[in-house]
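# Report on the structure
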Amino acid sequence: MNYIRTGISLFFEYDTPRIVHIQSKKVGVINRFIQFCIIGYVIGYAIIFKKGYQDFDNVQSVVTTKVKGIVMVNTTVHPDIQPIWDVADYIVPPQENNAFFVITNLIVTPNQSIGICPEDSTIHGSNCTVDKDCPAGTSLPVGNGVLTGKCDPDVSRCEIHAWCPVENGTTKAPKPAVLEESKKFTVFIKNNIEFPKYSVKRRNLPDNVSNDYLQSCRYDGGANSRCPIFTLQSIVEGANSGSYGEVAMEDIVSGTGSRYDELFGQGGVIQIRIKWNCNLDLSVDKCLPEYSFRRLDSSTYKISKGYNFRYSRNFKDANGTEFRTLYKAYGIKFVISVSGQARKFAPVPFFTNVGSGLALLSIATIICDIVVLYILKARALYKEKKYLQVVGDDAYKVLD
């Protein structure tokens, strides 16, 4: 019963802080050291280093690209490939969202027409000895057509309804690459951004230059660091050294730490990163982009290395028969990502961090109390001075 009455008595008690001025070298040094550490953390780290006096806004962005360059193909070596390739030929598809693909190598199967022909020998399940090995109306996994139900005795492979002749699966990507000179192509990357909270719009193009400047400039990280033009090769090989907007293909590839000739044979995937980190407490003119590049796939893959896909160009002859040329296109997929923040002074985050710092100063008092009351030799004296019990006239009495 006494436990209950003691518990009730706690409800009628009140504690108020008591200031005890302690003159002690040990306690004084501990107190000031902790205070200096907290003040240094708040001012140096939370406010200055982490920009605790500023508010932030994330970037909103749109990117457009324009690739330029012409390649002449050696038709003596590649008689089935057209001799001249320009941007309308090697950019497939013509426009993508935040990406573009450049053909660098080709395997061509010309003059295909719809008919019946043997399946390719590299397709699993295409070999046969009798007709029942080729169920009519079905197709083989990754096959080129629909089985007719017949086995071609001359080649011991199933016949298919398909675009014939089918692509030869044993053909390797040409070396050197068909469009080897694609390393000299240029791509113009135009990036428009906005920080909606601050109504600030920027782009990666200088406002005080002419069209003649864009025709001749190339980004070099120095005097022409505002030029939005690179070569693909230097982007691929320059990723190891840092930041590299119009871009020549040779420069882009060289910025990722890869050799361009390793990429244009089998293809690959490269990320172009544009970062906008802007301090709007300074001039808006100082809000400029930074470029960096990296290869997303790897040359060390054992299977399915590189990047390729197939597309066709269809046409009809004078008799109205439909034909097509099938292209297996190898190339480099460029994926563009834009990130960044704008920072500007705002009273709310500043005073929030200051208030948090003032609250942290109480840690010094807590630690010093522990030292004084439980560690120092004179702790009994300090406890006597620290705690004082006052019994009021209306105090709740606990009966014995």
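For clarity, every value in this text was computed on a predicted model and none was experimentally measured.

In terms of helices and strands, the protein chain carries 10 helices and 16 strands. Per-residue burial for the protein chain yields a buried fraction of 38% across its 400 residues. In the form shown here, the protein chain has an accessible surface area of approximately 23900 Å², with 54% of it arising from carbon and sulfur atoms.

This part is about the confidence of the model for the protein chain. The predicted model of the protein chain averages 84 in pLDDT, with 87% of residues at 70 or higher. Per-element confidence in the protein chain is highest for strand 7 (residues 157-164), whose mean pLDDT is 95, and lowest for strand 11 (residues 247-248), whose mean pLDDT is 52. Below pLDDT 50 for its whole length, residues 240-246 participates in 37 contacts with residues either more than four positions away or in separate chains.

Inspection of the entire model under this criterion finds five disulfides. Each sulfur in the disulfide pair Cys117 and Cys164 lies 2.0 Å from the other. Of note, the bridge from Cys117 to Cys164 carries an S-S torsion of about -80° and is left-handed in sense. Of this pair, Cys117 sits in strand 5 (residues 99-118) while Cys164 sits in strand 7, and the two are 47 residues apart along the sequence. Paired by a disulfide, Cys128 and Cys151 hold their sulfur atoms 2.0 Å apart. With the S-S dihedral at roughly 90°, the linkage between Cys128 and Cys151 falls on the right-handed side. Of this pair, Cys128 sits in the loop between strand 5 and strand 6 (146-152) while Cys151 sits in strand 6; the two residues are 23 residues apart in sequence, bridging distant segments of the chain. You'll find Cys128 and Cys151 in the same group, each marked buried. Taken N- to C-terminal, the disulfide-bonded cysteines of the protein chain are connected 1-6, 2-4, 3-5, 7-8, 9-10.

Further remarks concern the environment of Ser121. Residue position: Ser121 is located in the loop between strand 5 and strand 6. Separated by 36 residues in the primary sequence, Ser121 and Arg157 place their C-alpha atoms 7.3 Å from one another. Ignoring anything within four residues of it in the chain, the contact list for Ser121 reads Ser126 and Arg157.

Conventions adopted
- Residues numbered from 1 in each chain as written.
- Predicted model: local features only at pLDDT ≥ 70, side-chain atom pairs only at ≥ 80, totals over all residues.
- Heavy atoms only, no water.
- Helix = DSSP H or I, 4+ residues; strand = E, 2+ residues; numbered from the N terminus.
- Buried < 20%, exposed > 50% of the residue type's maximum accessible area, 1.4 Å probe, protein only.
- Areas by Shrake-Rupley, 256 points an atom, 1.4 Å probe, with all protein chains shown as cover.
- pLDDT = per-residue confidence, 0-100.
- Contact = heavy atoms within 4.5 Å.
- Disulfide = S-S within 2.5 Å.

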